[in-house]
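Summary of the model geometry
Each chain is listed here by its residues.
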Amino acid sequence: MPAAPNRRAVAVILLVPLIVTLSLWAFSWPAARIAPRDLPVGVAGAAPAADQLQSRFEQREGAFEIHRYADEAAARAAIEDRVVYGAVVVTGKGPQLLTASAASPVVAQLLTEAVKASAPAGTAIPVTDVVAAPEADPRGAALGASILPLALAGVAAGALVTVMGLRGARAAVTLAGASALVGIAATAIAHSWLGVVTGDWWTEAGAIGLTVLAIASAVGGLAALVGPKGIGVGALLMVLLGNSFSGVTSAPQLLPEPVGLIGQWLPPGAGGSLLRSVAFFDGAAAGGAALTLAVWSAVGLAAVLAGARRRPEPNAPAAPSAEHREPALTS
């Protein structure tokens, strides 16, 4: 009957433009609306000069979240602890800007331009990069590009476990093993070969492996509970939303609200934040991202185990019905 093929053809005709539209919305809209939104910035120095500087930041309502510090040393410590992205220090010779390109090259450039634009004409503003991005990746392009492959690896692991019919504990161990090996392989490339991350090697491998596990277990868990359709749902959630809302190429506080917050609740965004912390800041402010990934991993693996109880192994022999049981032998 031609009716069924015709319906499938119409479904494809409508589905492909819908997917493209959603993809353009998810990737292009946040990129086109990049601007500071409660961006944590420090102001250091004595009043009243520091008060005047703070008031200039606050003139852009909702753009900056100002943290006050007594001196340059306190502001540097806050940057190294990932409390603020940068700080303006008022000195006797004029303002000085402290940035951290390792936290976000985009934010470092934005702060540099904003401070220089607000200074009197001809005033030189010294800029110090407190935590600099590595020489091999000064613009953070390689780090930003790494999140999509990790998301694809996690989706692939969850999908392969489902397609190959692995269930329960066997599936959970497979996902954990594959994620650990991805962490080791990715760190070998990013750290040992390219030099775009510069922290502790094994800590970076653990962060990457945990990110992949969170994604893979979520996809595998959805598939275990609702069937193969769960793979598509997981892929859309992790790749379409998780990657585009991650803020790794800019900063979560530069994305439209609540995109930046949602992105940090999803494994790609949390994984990017965790990797940045362990790669450049000795693990500072890594706790929230690590907890997010751990929760996703635990819930996903629990779903994988629960799905095995609901859905038997594909190759498991079916129990014989009462009609086909052997009759009992009578004496």
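Everything that follows concerns the structure shown earlier in this document.
Residues numbered from 1 in each chain as written. Predicted model: local features only at pLDDT ≥ 70, side-chain atom pairs only at ≥ 80, totals over all residues. Heavy atoms only, no water.

Any aromatic ring pair is given by two values, namely how distant the centres are and how the planes are angled relative to each other. Throughout the structure, instances matching the rule amount to four aromatic pairs. Between W201 and W202, the aromatic rings sit 4.8 Å apart at their centres with planes inclined by 70 degrees, giving edge-to-face as the arrangement. Judged by relative accessible area, W201 falls into the partly exposed class, the value being 21%. In textbook terms, an aromatic cluster arises when at least three aromatic residues are bridged by ring pairs, as seen for W25, W29 and F245. Between R82 and the ring centre of F281, over which it is positioned, the NZ or CZ distance is 5.2 Å. (Phe/Tyr/Trp six-rings, centres within 6.5 Å; stacked < 30°, edge-to-face > 60°. Buried < 20%, exposed > 50% of the residue type's maximum accessible area, 1.4 Å probe, protein only. Lys NZ or Arg CZ within 6 Å of the ring centre and 35° of its normal.)

This part covers the pattern of salt bridges. Close approach of charged atoms lets side chains of opposite charge pair. For the structure on display, the rule yields two salt bridges. Across the pair R68 and D51 runs a salt bridge, and its minimum N-O distance is 2.8 Å. Remark: D51 occurs in helix α2 (residues 49-58) and R68 occurs in strand β2 (residues 64-69); sequence separation between them is 17 residues. Here R76 and E72 are joined by a salt bridge, their closest N and O atoms 3.0 Å apart. One end of the pair is R76 and the other is E72, both in helix α3 (residues 72-80) and four residues apart, which spans about a single turn. Judged by relative accessible area, which is 28%, R76 ranks as partly exposed. (Salt bridge = Lys/Arg side-chain N within 4 Å of Asp/Glu carboxyl O. Helix = DSSP H or I, 4+ residues; strand = E, 2+ residues; numbered from the N terminus.)

Right, let's talk about the sheet that holds strand β5 (residues 127-129) for a bit. The strand order across the open sheet built from five strands is β2-β1-β3-β4-β5, with neighbouring strands paired in mixed fashion. The sheet is open, and its two borders are formed by β2 and β5, each paired with just one other strand. Across this sheet, the average inter-strand angle for adjacent strands is 25 degrees, counted without regard to direction. Pairing of strand β3 (residues 87-91) with strand β4 (residues 94-99), which is carried by five bridges, proceeds in the antiparallel orientation. Directly across from V89, in β4, lies its bridge partner Q96. Each of β1 (39-44), β2, β3, β4 and β5 is contacted by helix α4 (residues 105-118), which is oriented at about 170 degrees to β4, the strand it contacts most. (Pairing = 2+ DSSP bridges. Axes fitted to C-alpha atoms, helices over the stretch in contact; angles between N-to-C directions. Contact = heavy atoms within 4.5 Å.)

This paragraph deals with the side chain of S277. Looking at the secondary structure, you find S277 in helix α11 (residues 267-280). Setting aside its immediate chain neighbours within four residues, S277 contacts R82, D282, G283, A284, A285 and A286.

Once that is clear, we can look at the nonpolar core. A general feature of soluble globular proteins is that nonpolar side chains tend to end up buried together. Judged by nonpolar contacts, the single largest core of 54 residues is most densely connected at L39, F57, F64, F280 and F281. Ranked by the residues each element gives to this core, the list is headed by α11, at six residues. Discounting chain neighbours no more than four positions away, the residues touching L39 are A63, F64, E65, Y85, V107, L111, Q253 and L254. If you look at the next biggest cluster of nonpolar residues, it comprises 10 residues, including A151, A218, A223 and M238. (Core = buried A, V, L, I, M, F, W, Y, C linked by side-chain atoms within 4.5 Å.)

On to helix α6 (residues 147-163). The terminal C-alpha atoms of α6 lie 24 Å apart, and with 17 residues this matches the ideal 24 Å at 1.5 Å per residue to within 8%. For α6, the set of buried residues is I147, L150, A151, G154, V155, A157, G158, A159, V161 and T162. On its buried face, α6 is in contact with α5 (141-145), α7 (168-193), α8 (201-226), α9 (229-243) and α11. The positive-phi residue at the C-terminal boundary of α6 is G165, with phi of around 75 degrees. (Expected span 1.5 Å × (residues − 1).)

This next bit is on the packing of α6 against α7. At a minimum axis distance of 10 Å, the contact between α6 and α7 shows a crossing angle of 155 degrees. For the element pair α6 / α7, the angle class is roughly antiparallel. For the element pair α6 and α7, the recorded crossing hand is right-handed. Here α6 contributes L150, A153, A157, G158 and V161 to the contact with α7, which in turn contributes A171, T174, L175, V182 and A186. (Parallel < 35°, antiparallel > 145°, perpendicular 65-115°, else oblique. Left-handed = near helix turned anticlockwise from the far one by under 90°.)

What follows covers α4. Relative to the 20 Å expected for 14 residues at 1.5 Å per residue, α4 spans 20 Å between its end C-alpha atoms, a close match to the ideal helical length. Buried within α4 we find P105, V107, A108, L110, L111, T112 and V115.

Another point: the pairing of β2. Two strands pair when backbone bridges link them, and β1 and β2 are joined in this way by six bridges, in the parallel orientation. When the bridges of β2 are listed, G42 appears paired with H67. Once the chain exits β1 it traverses α2 before rejoining the sheet at β2, and the crossover so formed is right-handed. (Right-handed = clockwise from strand over helix to strand, strands pointing away.)

Any functional reading would require information beyond the geometric quantities listed.
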